[in-house]
Amino acid sequence: MNPLIGKLAALMGDEYKKLTGVRRQASFLNDELSTMKALLEKLELMDELDPLAKNWRDHVREMSYDMENCVDDFMRDIGGADAKMGFIKKTAKRLKTLRKRHRIADRMEELKALALQANERRMRYKIDDCTNSTNHVVPIDTRMLAIYKHTAGLVGIDGPKKELVSWLTATREKLKVVAIVGFGGLGKTTLAKQVYDTIGGQFSCKIFLSVSQRPDLSSLLGGLQLKLEMKEELTHAHEVQDIVGRLREYLTHKRYLIVVDDLWDQSTWNIMSCIFPEVGNGSRVIVTTRMEDVAIWACGNDHECVYRMEPLKEQDSRMLFCNRVFGSGNVCPLQLKEVSAEILKKCGGLPLAIITIASLLASRQPRLKDEWESIRNSLGTKFAKNPTLEEMRSILNLSYMHLPLHLRPCLLYLGMYPEDEMVMRHDLVLQWIAEGLVNCSHGSDLEDIGKSYFNELINRSLIQPAGTSESGEVEGCRVHDIMLDLIVSKCVDQNFINVAYNCEDVAKMHACEYKVRRLSLKSSTNDATSGIIDTSMSQVRSFAQFGESKYTLPLSLFKYLRVLVFIFPFNRSTTVDLTAIGQLFQLRYLKVSAFPCFIDLPTEIRGLVHLETLEISGNASSIPSDIVCLPRLSRLILPYFTCPPQGIANIKSLRALHCMNISLEDINGLGELTSLRELRLSTEVVAGEVDALVSLIGKLHGLKYLEVRALSSQHHCGPMYSLSNPPLHIEELNLFGWTLKRVPTWIGDLHFLRILVLWVDNLSNDEVHVVGKLPCLVHLGLWVFAEGGAAICMGFFQALKVLRLFSHDDVAHMQFRTGLMPSLRQLTLEVKNGWGGAVPQGMEHLLALEHISVFARDGVNHRDVESAFRSVFDVHPRRPSLEIIPPPSLSSINVVKLSLN
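Rules used in this analysis
Residues numbered from 1 in each chain as written. Predicted model: local features only at pLDDT ≥ 70, side-chain atom pairs only at ≥ 80, totals over all residues. Heavy atoms only, no water. Helix = DSSP H or I, 4+ residues; strand = E, 2+ residues; numbered from the N terminus. Buried < 20%, exposed > 50% of the residue type's maximum accessible area, 1.4 Å probe, protein only. Areas by Shrake-Rupley, 256 points an atom, 1.4 Å probe, with all protein chains shown as cover. Contact = heavy atoms within 4.5 Å. Pairing = 2+ DSSP bridges. Axes fitted to C-alpha atoms, helices over the stretch in contact; angles between N-to-C directions. Salt bridge = Lys/Arg side-chain N within 4 Å of Asp/Glu carboxyl O. Arc of directions from axis to C-beta. Phe/Tyr/Trp six-rings, centres within 6.5 Å; stacked < 30°, edge-to-face > 60°. Lys NZ or Arg CZ within 6 Å of the ring centre and 35° of its normal. Disulfide = S-S within 2.5 Å. Parallel < 35°, antiparallel > 145°, perpendicular 65-115°, else oblique. Left-handed = near helix turned anticlockwise from the far one by under 90°. Nonpolar A, V, L, I, M, F, W, Y, C, P; charged D, E, K, R; others polar. Right-handed = clockwise from strand over helix to strand, strands pointing away. Core = buried A, V, L, I, M, F, W, Y, C linked by side-chain atoms within 4.5 Å.

A.B. asks: Teacher, can you tell me more about the overall build of the protein here?
C.D. replies: Summing up its helical and strand segments, the protein has 27 helices and 30 strands in all. Counting the 901 residues in the protein, one finds 54% classified as buried. Working note: accessible area of the protein is about 39000 Å², and carbon and sulfur atoms make up 51% of it.

A.B. asks: Please clarify how the environment of Ala 838 should be interpreted in this entry.
C.D. replies: Here Ala 838 shows up in the loop between strand 27 (826-831) and strand 28 (851-856). What Ala 838 contacts, discounting residues up to four positions off in sequence, is Asp 810, Val 811 and Ala 812.

A.B. asks: I tried to follow the sheet that holds strand 4 (residues 284-289) on my own but got confused; where do I start?
C.D. replies: Strands in a sheet are paired, the pairing made by backbone hydrogen bonds, and the direction either parallel or antiparallel. Ordered by their spatial adjacency, five strands build an open sheet running 2-3-4-1-5, and the pairing between neighbours is parallel. The sheet terminates laterally at strand 2 (205-210) and strand 5 (306-308), the two strands that pair on one side only. If you compare each strand with its neighbour and ignore which way they point, the axes differ by 15 degrees on average. Here strand 3 (residues 256-263) runs beside strand 4; their pairing, made up of five bridges, is parallel. Counterpart to Val 260 in the pairing with strand 4 is Val 287.

A.B. asks: Before we go on, may I ask you to explain the pattern of salt bridges in this structure?
C.D. replies: Scanning the model with the defined rule gives 41 salt bridges in all. A salt bridge links Asp 72 to Lys 7; the nearest nitrogen and oxygen atoms lie 2.7 Å apart. One end of the pair, Asp 72, is in helix 3 (residues 51-78); the other, Lys 7, is in helix 1 (residues 2-11), with 65 residues separating them in the sequence. Like Asp 72, the residue Lys 7 is buried in the burial classification. Linking Glu 447 and Arg 655 is a salt bridge whose minimum nitrogen-to-oxygen distance equals 3.3 Å. With Glu 447 in helix 21 (residues 446-459) and Arg 655 in the loop between strand 18 (635-637) and strand 19 (656-660), this pair connects stretches of sequence that are 208 residues apart. By relative accessible area, which is 30% here, Glu 447 ends up partly exposed. Take Arg 655: its relative accessible area is 25%, and that puts it in the partly exposed class.

A.B. asks: I keep staring at the pairing of strand 7 (residues 464-468) and nothing clicks. Help me out?
C.D. replies: As judged from the four bridges shared by strand 7 and strand 8 (residues 474-478), these two strands associate in the antiparallel manner. Across the sheet, residue Ala 466 finds its bridge partner in strand 8, namely Gly 476. If you look at the hairpin formed by strand 7 and strand 8, you'll find five residues sitting between the two strands, and Gly 472 has a positive phi there, around 90 degrees.

A.B. asks: What is the right way to read helix 15 (residues 337-347) from this model?
C.D. replies: For an α-helix, the turn length of 3.6 residues means that residues three or four places apart are oriented alike. Where helix 15 is concerned, the buried positions are Val 339, Ser 340, Ile 343, Leu 344, Lys 346 and Cys 347. Looking straight down helix 15, one finds its buried side chains confined to an arc of 160 degrees; they lie on one side. Exposed residues on helix 15 whose side chains face more than 90 degrees from its buried face are Glu 338 and Lys 345. One or two residues past the end of helix 15 sits Gly 348, with phi positive at roughly 65 degrees.

A.B. asks: Got a minute to help me understand the packing of aromatic side chains in this structure?
C.D. replies: Given two aromatic rings, one states the distance between the centres and the angle between the planes to describe the pair. Overall, the coordinates contain 15 aromatic pairs when judged by the stated rule. Measuring from centroid to centroid gives 5.5 Å for Tyr 417 and Phe 546, while their planes differ by 50 degrees, and the two rings are tilted. Pair noted here: Tyr 417 is in the loop between helix 19 (408-412) and strand 6 (423-424) and Phe 546 is in strand 12 (residues 542-546), with a separation of 129 residues, a long-range link. Among the residues examined, Tyr 417 registers a relative accessible area of 8% and is labelled buried. Positioned above the aromatic ring of Phe 28, the side-chain terminus of Lys 112 is 4.9 Å from the ring centre.

A.B. asks: What is the right way to look at the state of the cysteines in this model?
C.D. replies: By definition, a disulfide links the sulfur atoms of two cysteines through a covalent bond. This structure, assessed with the given rule, holds zero disulfides. Here Cys 299 is not cross-linked by a disulfide; its sulfur's nearest cysteine counterpart is in Cys 305, at 5.4 Å.

A.B. asks: It is not clear to me how the environment of Pro 3 should be interpreted in this structure. Could you clarify?
C.D. replies: Within the fold, Pro 3 resides in helix 1. A relative accessible area of 24% places Pro 3 in the partly exposed class. Remark: the alpha-carbon pair of Pro 3 and Ser 64, spanning 61 residues in sequence, is separated by 9.4 Å. Contact partners of Pro 3, with chain neighbours within four places excluded, come to Glu 68, Glu 435 and Gly 436.

A.B. asks: Explanation requested: helix 23 (residues 503-510) in the structure shown.
C.D. replies: Of all the residues in helix 23, the buried ones are Cys 503, Asp 505, Val 506 and Met 509. One side of helix 23 holds all its buried residues, which, seen down the axis, span an arc of 160 degrees.

A.B. asks: Teacher, can you tell me more about the packing of helix 9 (residues 217-227) against helix 11 (residues 240-251) here?
C.D. replies: Two quantities define a packed helix pair, namely the angle between the axes and the distance from one axis to the other. Orientation of helix 9 relative to helix 11, taken along the N-to-C sense of each, is 25 degrees, at an axis distance of 9 Å. Relative to helix 11, the element helix 9 is oriented roughly parallel. Seen from above, helix 9 lies across helix 11 with left-handed handedness. Of helix 11, the residues touching helix 9 (which contributes Leu 217, Ser 218, Leu 221, Gly 222, Leu 224 and Gln 225) are Val 240, Ile 243, Val 244, Arg 246 and Leu 247.

A.B. asks: Is there a simple way to explain the packing of helix 15 against helix 16 (residues 351-362) in this structure?
C.D. replies: Packing of helix 15 against helix 16 leaves a shortest axis separation of 9 Å and a crossing angle of 145 degrees. Crossing geometry of helix 15 relative to helix 16 is assigned as right-handed. Contacts from Ile 343, Leu 344 and Cys 347 of helix 15 reach helix 16 at Ala 353, Ile 354, Ile 357 and Leu 361. Among the residues forming the contact of helix 15 with helix 16, the class breakdown is seven nonpolar, no polar and no charged.

A.B. asks: How should the side chain of Arg 57 be read in this particular structure?
C.D. replies: With respect to the helices, strands and loops of the structure, Arg 57 is situated in helix 3. Relative accessible area serves as the criterion here: at 12%, Arg 57 is assigned to the buried category. Ignoring anything within four residues of it in the chain, the contact list for Arg 57 reads Leu 40, Leu 43, Leu 49 and Asp 493.

A.B. asks: Help me out: how do you make sense of the environment of Gln 315 in this one?
C.D. replies: Along the chain, Gln 315 turns up in helix 14 (residues 314-326). With a relative accessible area of 55%, Gln 315 lands in the exposed category. For the pair Gln 315 and Gly 349, spaced 34 residues apart in sequence, the C-alpha to C-alpha distance is 9.8 Å.

A.B. asks: I tried to follow the pairing of strand 19 on my own but got confused; where do I start?
C.D. replies: If a strand is regular, its side chains alternate between the two faces of the sheet. The buried count for strand 19 comes to five of five residues, which makes it a mostly enclosed element. Residues of strand 19 alternate between two faces, with Ala 656, His 658 and Met 660 on one and Leu 657 and Cys 659 on the opposite face, all of them buried. Summarising the sheet, strand 18 and strand 19 pair through three bridges and their orientation is parallel. From the neighbouring strand, Ile 637 faces strand 19, where its bridge partner is His 658. One ladder, built from five bridges, connects strand 19 with strand 20 (residues 678-683); its direction is parallel. By the bridge assignment, Met 660 is partnered in strand 20 with Ser 682. Handedness of the crossover joining strand 19 and strand 20 through helix 24 (residues 664-669): right-handed.

A.B. asks: I keep staring at the sheet that holds strand 6 and nothing clicks. Help me out?
C.D. replies: With antiparallel pairing, three strands are arranged side by side in an open sheet as 6-8-7. Lying at the two open borders of the sheet, with one neighbouring strand each, are strand 6 and strand 7.

A.B. asks: Just checking my understanding: could you explain the nonpolar core for this structure?
C.D. replies: The nonpolar side chains of a soluble globular protein tend to be buried with one another. Grouped together as the largest cluster of nonpolar side chains are 117 residues, with contacts concentrated most on Leu 564, Leu 578, Leu 636, Leu 679, Leu 733 and Leu 827. A total of six residues in this core trace back to one element, the largest contributor, which is helix 25 (residues 689-699). Every residue in contact with Leu 733, bar those within four places of it in the chain, is listed here: Leu 706, Trp 746, Ile 747, Leu 750, Leu 753, Ile 755, Leu 756 and Val 757. Counting 47 residues, the second largest nonpolar core, distinct from the first, contains Leu 414, Leu 430, Leu 462 and Tyr 589.

Quick look at the structure:
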């Protein structure tokens with residue numbers, strides 16, 4: 001209801017003062033709906049609703065949707081959507097005719113009548129009797145990241161891991177399949193990942209593959225090809241049988257470790273098992289499943305290869321709970337010990353339940369005994385004795401019921417995504433904004449508020465962090481399948497999202513009691529029926545399609561669409577027809593990820609006056625030239641090989657721009673885009689471009705992320721030293737391909753810089769000090785070209801976690817001194833032809849080092865590299881892992897990972 005009330009408030013503004021009747025009716029509706037909203041919020045806080053109250057709630061919800069659509073139509077008719085551009089002045093001319101005035105008056109009367117009817121029903125059925133934020137970005141609770149990163153030490157997994165490792169490493173040359181079986185939420189995936197990480201270094205090929213309940217095998221196996229970097233095969237095989245054959249042939253020559261996570265049925269295994277050849281070289285496969293019969297079947301009826309997960313022991317449960325609520329190493333206060341023990345007993349040793357409830361308690365400050373007892377009383381009594389899916393859902397539902405009201409629809413929106421999908425944070429936040437789910441308070445930035453919402457959902461363990469940026473920031477999330485099941489059931493109950501897998505699902509929607517408001521179409525290999533999405537679904541506000549579908553979407557009829565998403569697998573070649581989107585007046589968010597598919601865009605889209613995000617990944621024939629006329633476009637991501645239209649600098653609302661080969665004229669014009677926060681360019685070098693880029697950087701004072709890649713060979717960038725007014729709040733600076741003679745001194749003034757990528761000829765001690773003193777720098781990539789030009793032995797780098805150093809010098813000349821880079825986790829170096837066999841000095845001083853990657857160029861013996869670094873790591877306190885990366889070949893790139901434990 002919030003977006004509707006906001007639009008009614010807009011109709012009461014000065015822009016519509018000449019339409020006195022409209023303003024009067026809007027004021028009436030605003031008052032009525034605001035009162036209803038207050039009651040709806042009370043109803044939302046109740047665990048169970050009286051049937052009459054639920055019916056009234058559902059009716060008001062559907063009425064609100066229809067009212068908002070009507071108001072949108074009205075504002076479009078009178079040009080209200082163009083108010084910021086001054087189009088409202090045209091209203092008088094467009095309303096001269098008495099007929100149009102009467103039609104608008106009739107619409108408002110109809111809305112008023114609907115509101116009065118709803119209020120009368122509220123009074124008649126006594127619905128009221130059924131009931132008796134800050135602006136800054138909320139940070140992610142660091143304890144949550146510790147739980148997901150260091151699960152082994154927190155959930156008593158050491159014993160099971162040790163047992164499984166012994167099973168898998170026992171002398172046996174034949175292929176061995178081991179299955180982990182247990183109830184959802186016991187930690188099967190976590191255990192499999194721990195084992196995978198422990199023994200993975202013994203295999204030349206290792207893959208962790210998530211299957212899910214409804215797998216599209218063609219896409220799943222195609223994704224496996226992609227992970228194995230079988231690039232040539234991707235373009236040839238599309239049928240499951242062909243892909244299986246090519247994967248089997250590829251793995252025949254490998255000693256492989258493959259985890260098949262979340263397997264649901266025997267039929268899927270019957271197909272997947274065909275890709276694992278019996279080559280007698282000690283290859284291993286780990287399967288996780290909830291189904292006992294599937295586990296036994298996958299192991300070839302060998303019961304001794306089936307590991308049955310057990311709930312956590314009492315001590316481990318208590319440790320996991322206390323670490324989440326009070327922080328690692330802290331104990332439970334005396335006054336809460338009894339109630340916490342009772343809560344843990346009801347969680348039944350299930351890690352997912354413990355983390356979920358602990359996160360709920362951690363989010364409530366201060367910690368009052370009465371509140372803890374209330375939450376204890378809300379938990380079911382049967383769960384500890386008989387953990388069922390329904391009992392598990394009841395625990396997760398408790399966390400949902402304790403969510404602030406503004407976060408509930410944001411969580412439910414994740415029901416649009418398929419099982420096991422990694423959902424990128426920036427996509428989710430922008431979709432929330434497009435749907436009106438993010439509430440702006442006191443002029444705050446909507447994207448920052450949306451980011452706070454995302455972080456809050458992670459802090460409450462309702463979503464799990466997945467993927468981090470180069471600066472260590474969480475970039476995405478995944479939803480546990482039990483939580484997703486709860487979300488989808490809530491979506492059905494509230495008519496929030498409809499999910500379709502096949503023609504039967506779509507047919508059922510046509511007969512639904514309520515109109516479909518949001519539709520997620522998820523591909524299924526079992527559905528071969530073609531058809532057209534019925535026009536009765538024209539009320540849809542969000543539409544997402546994941547994978548190919550036999551259905552055709554009549555886009556031109558979906559006039560209320562706000563969010564449109566197409567995600568296709570990499571190994572598909574099809575055409576995405578978007579020629580009708582120019583008629584989607586309400587569209588705010590459009591994303592197409594369809595490489596190498598062809599994308600047909602319309603010739604004109606200037607009518608999309610609300611469009612805020614346009615993100616295209618695929619082969620687009622051309623970008624509409626009038627894109628530069630869109631008044632609200634804030635995020636523009638264009639395909640890599642597509643040039644932007646002339647005049648891109650005219651889009652004054654832009655906050656993020658990714659494109660290539662932008663014209664010199666537009667580079668000069670970008671300096672006027674004062675709202676720009678993120679700029680990523682790939683460009684061929686032309687005369688005057690370097691000067692223009694340097695001038696541009698000096699003008700964009702609000703810039704936070706800058707990446708300018710030179711597409712051709714090295715280009716010296718002399719004017720960069722003369723930059724006198726750099727963007728002081730920048731967090732990422734990537735000048736890949738632009739060679740500097742030295743590090744510019746102004747970089748030392750960038751105190752918020754987290755990521756830095758530079759190409760330099762020389763690197764003196766003074767310049768290393770300039771970079772080393774940056775307080776926030778966590779990722780540094782340096783290419784040093786002059787011989788004797790790498791002096792990385794000095795500096796401080798207190799926050800640095802990732803260092804990628806490519807130097808003309810032999811790595812033996814590098815030295816890491818005591819106290820240097822105390823937080824460094826990952827190190828990447830390059831070994832060239834003529835390497836003398838020595839390693840950098842002082843690597844034992846990098847006390848936090850976890851992993852090192854070494855690029856071994858042609859002529860370098862990989863075994864020699866392994867032996868040299870092993871001698872260092874054998875005495876290193878952290879015993880980091882090693883990755884030897886050979887030069888790329890025409891067929892594929894084989895990465896040999898060696899776990900030096």
